[in-house]
Amino acid sequence: MIKSAAIVKTKALAPWKELRLQKRKLKKSQAAERKATKQMRPSPIGKRVVEVVEPVMPEVIETPEVVETEDTPPTREEMLQQAEAIGLKVDKRWSDATLLKHIEESAWATQNGNS
């Protein structure tokens, strides 16, 4: 028996495999068609003209000084100092909000005479 170089399909493919094979063939043919119709454009690098522009000095913008007002919340360091002055034991795991709450409660208790 003589074998030829051509392979003959005797087995039918599953429908999804057949669709996938058709899509691949279609993509290859579209890519080949795009490549054949592609327009070659000359490179603009060879004809490039470079303009020399003087560097622009950036404008200096003055920032206003930060003025602390009563509206700004106290920093953590300030709250720790207040807690130490009151005699409050501070847990280092407390958030700023919790620390502020405990300081306010202690301050309210001392104002009202409740220790």
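Anything mentioned here points back to the structure above.
Computed from a predicted structure; not experimentally measured.

Draft legend 1. Just the overall build of the protein chain, in detail. Regarding its fold elements, the protein chain presents three helices and zero strands. Overall, the protein chain shows an N-to-C arrangement of helices and strands of α-α-α. The buried share among the 115 residues of the protein chain stands at 5%. Counting only carbon and sulfur atoms, one obtains 57% of the accessible surface of the protein chain, whose full area is about 12,200 Å².

Draft legend 2. Region of interest: the pattern of salt bridges. Within the structure shown, the criterion is met by two salt bridges. Notably, a salt bridge pairs aspartate 96 with arginine 76, separated by 2.7 Å at the nearest N-O pair. Separated by 20 residues along the polypeptide, aspartate 96 in helix α3 (residues 96-111) and arginine 76 in helix α2 (residues 76-86) bring together distant segments of the chain. Residue class for arginine 76 comes out partly exposed when judged on its relative accessible area of 26%.

Draft legend 3. Representation of the packing of α2 against α3. Running from N to C, α2 and α3 cross one another at 35 degrees; their axes reach a closest spacing of 10 Å. α2 and α3 meet at a crossing whose hand is left-handed. Two secondary-structure elements touch here, α2 through Arg76, Met79, Leu80, Gln82, Ala83 and Ile86 and α3 through Asp96, Leu99, Leu100, Ile103 and Ser106. For the contact of α2 with α3, a count of residues per class yields seven nonpolar, two polar and two charged.

Draft legend 4. Highlighting helix α1 (residues 15-37). An ideal rise of 1.5 Å per residue puts 33 Å on 23 residues; α1 measures up with 33 Å between its terminal C-alpha atoms. Taken across its 23 residues, α1 has zero buried, putting it largely on the surface.

Draft legend 5. Broad picture of α3. For α3, spanning 16 residues, the distance from its first C-alpha to its last is 22 Å, which sits close to the expected 22 Å at 1.5 Å a residue. Here the buried face of α3 lies against α2. The first or second residue beyond α3 is glycine 113, which carries a positive phi of 85 degrees.

Draft legend 6. Here's a closer look at a positive patch on the surface. Taken together, the side chains of Lys11, Lys17, Arg20, Arg24 and Lys28 present a region of like positive charge at the surface. Assignment of secondary structure puts lysine 11 in the segment before α1. Residue class for lysine 11 comes out exposed when judged on its relative accessible area of 70%.

What counts and how
- Residues numbered from 1 in each chain as written.
- Predicted model: local features only at pLDDT ≥ 70, side-chain atom pairs only at ≥ 80, totals over all residues.
- Heavy atoms only, no water.
- Helix = DSSP H or I, 4+ residues; strand = E, 2+ residues; numbered from the N terminus.
- Buried < 20%, exposed > 50% of the residue type's maximum accessible area, 1.4 Å probe, protein only.
- Areas by Shrake-Rupley, 256 points an atom, 1.4 Å probe, with all protein chains shown as cover.
- Salt bridge = Lys/Arg side-chain N within 4 Å of Asp/Glu carboxyl O.
- Axes fitted to C-alpha atoms, helices over the stretch in contact; angles between N-to-C directions.
- Left-handed = near helix turned anticlockwise from the far one by under 90°.
- Contact = heavy atoms within 4.5 Å.
- Nonpolar A, V, L, I, M, F, W, Y, C, P; charged D, E, K, R; others polar.
- Expected span 1.5 Å × (residues − 1).
- Patch = residues over 30% accessible without salt bridge, like charges linked within 9 Å, V, L, I, M, F, W, Y side chains within 5 Å.
- Lys, Arg positive; Asp, Glu negative; His and termini not counted.
- Charge placed at Lys NZ, Arg CZ, Asp CG, Glu CD.

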